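Results of the structural survey
Each chain, letter by letter, is given below.
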Amino acid sequence: PWPVQNGLFCASFYHFFVHDQKGFIGQFMRRTLGHYPAMFGLDDRTFAVVFVNLFMQVMGILQLPEFYGPQTSPFNVIRPTVMMAYDMVPAVGGKAE
């Protein structure tokens, strides 16, 4: 469900970006996104708060019925990717066979 995915993503992003100074995930995130805080003149904590806030606002707007609807999730790409990687055939009607 979306609220659980949203909470896990936002909490994990904030924790790794702000607190994981020596771990490989935090270092990877800083290498990947590290130029954005400096570009906007923000410290790591402020950037993480702004990023999480922006993510939640954009997803809230995209889930409105006028846009993509309540079933929209940025994590929906995982299932088709896994199914394609393992040559799985999607079930008819979205139910497991």
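These numbers come from a predicted model, not from an experiment.

Details of a nonpolar patch on the surface
A surface patch of nonpolar side chains, amounting to about 450 Å² of accessible area, comprises I61, L64, F67 and Y68. Summarising the element assignment, L64 is placed in the loop between α4 (44-62) and α5 (78-85). Classification of L64 by relative accessible area gives partly exposed; the value is 37%.

Quick notes on the nonpolar core
Counting residues in each nonpolar core, the largest one holds 12 residues, listed as W2, C10, F13, F17, V18, M29, L33, F47, A48, V52, F55 and M59. Secondary-structure elements contributing two or more residues to this core are α1 (2-19), α2 (24-33) and α4. Sequence-distant contacts of F17, defined by excluding residues within four places in its chain, comprise M29, R30, L33, P37, D44, F47 and A48.

Concerning the packing of α1 against α4
Between α1 and α4, the shortest axis-to-axis distance is 9 Å and the interhelical angle comes to 160 degrees. Here α1 lies roughly antiparallel to α4, going by the angle between them. Note that α1 runs across α4; the crossing there is right-handed. On the side of α1, the interface is formed by W2, N6, F9, C10, F13, Y14, F17 and V18, while α4 contributes D44, R45, F47, A48, V49, F51, V52, F55, M56 and M59. Split into classes, the residues belonging to the contact of α1 with α4 amount to 15 nonpolar, 1 polar and 2 charged.

What to know about the side chain of D20
Looking at the element boundaries, D20 is found in the loop between α1 and α2. Despite its burial, D20 pairs with no opposite charge; the closest candidate is R30, at 6.3 Å N-O. For D20, the side chain forms a polar contact with the main-chain nitrogen of G26, separated by 2.9 Å. Dropping the residues within four chain positions of it, D20 is found in contact with H15, I25, G26, Q27 and R30.

Quick notes on α2
Restricting attention to buried positions, one finds in α2 the residues G26, M29, R30 and L33. Here the buried residues of α2 occupy an arc of 100 degrees about the axis, which is enough to place them on one side. For α2, the exposed residues set more than 90 degrees away from the buried face come down to F24, F28 and R31. Check the buried side of α2 and you find it contacts α1, α3 (35-40) and α4.

Conventions we followed
Residues numbered from 1 in each chain as written. Predicted model: local features only at pLDDT ≥ 70, side-chain atom pairs only at ≥ 80, totals over all residues. Heavy atoms only, no water. Patch = residues over 30% accessible without salt bridge, like charges linked within 9 Å, V, L, I, M, F, W, Y side chains within 5 Å. Areas by Shrake-Rupley, 256 points an atom, 1.4 Å probe, with all protein chains shown as cover. Salt bridge = Lys/Arg side-chain N within 4 Å of Asp/Glu carboxyl O. Helix = DSSP H or I, 4+ residues; strand = E, 2+ residues; numbered from the N terminus. Buried < 20%, exposed > 50% of the residue type's maximum accessible area, 1.4 Å probe, protein only. Core = buried A, V, L, I, M, F, W, Y, C linked by side-chain atoms within 4.5 Å. Contact = heavy atoms within 4.5 Å. Axes fitted to C-alpha atoms, helices over the stretch in contact; angles between N-to-C directions. Parallel < 35°, antiparallel > 145°, perpendicular 65-115°, else oblique. Left-handed = near helix turned anticlockwise from the far one by under 90°. Nonpolar A, V, L, I, M, F, W, Y, C, P; charged D, E, K, R; others polar. Lys, Arg positive; Asp, Glu negative; His and termini not counted. Polar contact = N/O pair within 3.5 Å; in protein donor to acceptor, adjacent residues only side chain to side chain. Arc of directions from axis to C-beta.

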